[in-house]
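In case you want the letters, here they are:
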Amino acid sequence: MSKSITRILITGATGYIGGSVLTEILKSPISQNVSISVLVRREDQAEILREHGVIPIIFRDLDDLATLEQVSSDFDVVINSANSFHPTSAVALIKGLAKRKEKTGAEVHFIHTSGTSNLGDYRISGAYTETRIFTDKDHIYAYEKYREDMHTYPQRTTDLAVVETGLATRVRTYIVMSPTIYGLGSGLFNKISVQIPKAMRTAVRVGRAEVVGAGEAHWNHVHIADLAPLYELLLRSALEGKEGLAFGEQGIYFCETGEHTWLDLAEGVGKAGFELGVLQSPMPGRITLEQSAKQWGNGSFQVGELGWCSSSRTRAVLSRELGWKPTKTRRDFEENFLEEFKLILQEGQN
């Protein structure tokens with residue numbers, strides 16, 4: 001009897017990360033041996049996905065937990081890239097996978113999308129300062145628990161829920177913890193990221209690039225064309241039963257390819273906007289944490305600090321040992337500002 005086909009479910013496939021991951025899997029040799037379904041809310045998106053050989057499943061939203069659990073119980077792998085700040089939906093999807101494992105007796109896998117703001121500090125407010133450079137071979141799960149005991153943060157809460165629910169249900173979990181993501185995505189719908197475009201839209205609105213304080217703290221970055229292959233590599237390794245593949249508490253993977261300060265980012269935005277004639281000066285202006293929370297954190301001081309002026313430094317040792325081979329350089333990061341700013345301006349014209 002031939003082996004049954006592996007069923008993969010992707011959430012967030014109409015988004016920037018999920019869309020690029022879907023494209024990466026579709027062009028991978030493993031696509032010949034799997035069935036790919038995606039959760040979507042709109043029929044027009046579903047029709048486009050069908051044209052690319054993907055099976056759309058219409059659902060209401062991530063708060064429809066019963067539906068998420070029921071749907072995922074029919075799949076062997078879930079790649080979750082819909083909302084990294086939504087722990088209950090992640091838990092529901094993992095519980096569904098556990099039912100699938102109970103039914104088939106085969107391993108099931110949950111690949112979750114997260115971010116390195118989970119490791120960021122509070123150096124502007126002074127609540128906590130972190131100077132370490134972390135690797136993904138450190139015990140990041142334990143560190144996240146330590147930080148969560150000090151200050152809860154929804155994205156970190158979700159990571160912990162993913163690991164702990166996976167351990168409790170014997171579902172293998174893998175977390176991809178990304179820094180600032182840049183570059184043009186390869187998905188069918190949203191092709192631009194969050195952080196840098198948001199800074200650019202603000203710059204257009206207020207007439208200058210901006211940075212919180214002196215902008216001296218360091219973060220990492222990764223091009224979406226380097227990030228998406230890491231998901232494919234994790235998926236392929238899981239399906240092949242790669243010996244020693246880290247999951248659960250040890251299965252948190254970093255994906256940096258370079259480092260920048262927040263001032264570097266603001267200057268990149270300023271120079272690009274000035275070159276395109278939409279900003280009067282390439283020099284960024286300084287703003288307060290309160291302003292960051294208002295314009296970039298949706299009113300949250302925590303998001304305005306962790307996601308826009310914290311220090312969060314990582315090294316992707318585990319990912320590279322697995323076989324991840326990013327190709328983008330510092331030059332790609334710097335040249336991206338102009339290209340991405342052009343897209344933001346086109347967006348405003350449409």
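About the criteria used
Residues numbered from 1 in each chain as written. Predicted model: local features only at pLDDT ≥ 70, side-chain atom pairs only at ≥ 80, totals over all residues. Heavy atoms only, no water. Buried < 20%, exposed > 50% of the residue type's maximum accessible area, 1.4 Å probe, protein only. Helix = DSSP H or I, 4+ residues; strand = E, 2+ residues; numbered from the N terminus. Pairing = 2+ DSSP bridges. Expected span 1.5 Å × (residues − 1). Bend = angle between axes of the 7 residues up to and from the residue. Contact = heavy atoms within 4.5 Å. Axes fitted to C-alpha atoms, helices over the stretch in contact; angles between N-to-C directions. 1 Å grid on protein atoms, 1.4 Å probe; cavity = no way out; pocket = protein on both sides within 12 Å on 5 of 7 lines; lining within 4 Å. Points joined across faces, edges and corners; volume = space filled by probe spheres on them. Nonpolar A, V, L, I, M, F, W, Y, C, P; charged D, E, K, R; others polar. Salt bridge = Lys/Arg side-chain N within 4 Å of Asp/Glu carboxyl O.

K.L.:
Report on the pairing of strand β2 (residues 34–40), specifying residues and quantitative values.
P.N.:
Most of β2 sits out of view: seven of its seven residues are buried. A two-sided burial pattern is seen for β2, the buried positions comprising V34, I36, V38 and V40 on one face and S35, S37 and L39 on the other. Where strand β1 (residues 6–11) lies against β2, five bridges are found, and the strand directions are parallel. Bridge pairing in β2 places T6 opposite V34.

K.L.:
Go over helix α13 (residues 330–349) with me, naming the residues and quoting the values.
P.N.:
Here α13 is 20 residues long and its end C-alpha atoms lie 30 Å apart, about the 28 Å a rise of 1.5 Å per residue gives. Taking the largest bend as the criterion, α13 deviates by roughly 35°, centred on N336. Among the residues making up α13, those that are buried are F333, N336, F337, L338, E340, F341 and I344. Of the surrounding secondary structure, the elements contacted by the buried residues of α13 are β8 (180–182), α7 (195–206), β10 (218–223), β12 (258–261) and α9 (262–275).

K.L.:
Go over unusual backbone geometry, please, and point to the residues and values.
P.N.:
The backbone phi angle of R170 is positive, close to 65°, even though this residue is not glycine. Here R170 is to be found in the loop between α6 (154–169) and β7 (172–178). With a relative accessible area of 60%, R170 lands in the exposed category.

K.L.:
Describe the sheet that holds β8, with residues and values.
P.N.:
Spatially, β8-β10-β12 is the arrangement adopted by the three strands of the open sheet, whose pairing is mixed. Looking at the sheet topology across the chains shown, the edges are occupied by β8 and β12. Pairs of neighbouring strands in the sheet enclose a mean axial angle of 40°, with direction left out of account. Across three bridges, β8 lies against β10 in parallel orientation. By the bridge assignment for β10, T180 is matched with H221.

K.L.:
An account of the side chain of S73 is requested, with residue identities and associated values reported.
P.N.:
Looking at the secondary structure, you find S73 in the loop between α3 (65–72) and β4 (77–80). In this structure S73 comes out as buried when scored by relative accessible area, which is 13%. With near-sequence residues (within four places) excluded, S73 lies in contact with G96, K99, R100 and K103.

K.L.:
Describe the sheet that holds strand β5 (residues 109–115), listing the residues and the values that go with them.
P.N.:
The strand order β3-β2-β1-β4-β5-β7-β11 describes an open sheet built from seven strands, whose pairing is parallel. Only two strands of the sheet have a single neighbouring strand rather than two, namely β3 (55–58) and β11 (252–254). Each strand of the sheet is rotated relative to its neighbour by a mean of 20°, with strand direction disregarded. Running at roughly 165° to β7, helix α8 (residues 224–239) makes contact with β1, β2, β4, β5, β7 and β11 of the sheet.

K.L.:
Could you give an account of empty space enclosed by the protein, with specific residues and numbers?
P.N.:
In this structure the tally under the stated criterion is one cavity of 30 Å³ or more. Estimated volume of the largest cavity: approximately 70 Å³. The wall of the largest cavity is formed by A199, A209, E210, V211, V212, W262, L265, A266, V269, W296 and W308. In terms of residues, the lining of the largest cavity owes the most to one element, α9, which gives four residues. Across the lining of the largest cavity, the residue classes break down as 10 nonpolar, no polar and one charged.

K.L.:
Can you break down the pattern of salt bridges residue by residue, with the values?
P.N.:
Overall, the coordinates contain 25 salt bridges when judged by the stated rule. Its salt-bridge partner being D74, residue K103 comes within 3.8 Å of it at the nearest N-O pair. Note that K103 is positioned in helix α4 (residues 87–104) and D74 in the loop between α3 and β4, a separation of 29 residues in sequence. Residue classification places K103 among the exposed residues on the basis of a relative accessible area of 56%. For E347, the salt bridge goes to R201, with nearest N and O atoms at 2.7 Å. Taken together, the residues span a long stretch of sequence, with E347 in helix α13 and R201 in helix α7 at a distance of 146 residues. A relative accessible area of 36% places E347 in the partly exposed class. Given the relative accessible area of 32%, R201 is considered partly exposed. Here the residues in one salt-bridge network are E43, E47 and R50, joined through shared partners.

K.L.:
Before we move on, can you summarise the layout of surface pockets with the specific residues and values?
P.N.:
Size it by volume and the largest pocket reaches roughly 890 Å³. If you trace the largest pocket, you find 36 residues lining it, with I17, S84, F85, Q155 and V194 closest to the centre. Listing elements by their share of the lining of the largest pocket, those giving two or more residues are α1 (16–26), β5, β8 and α7. Here the residues of the lining of the largest pocket sort into 13 nonpolar, 22 polar and one charged.

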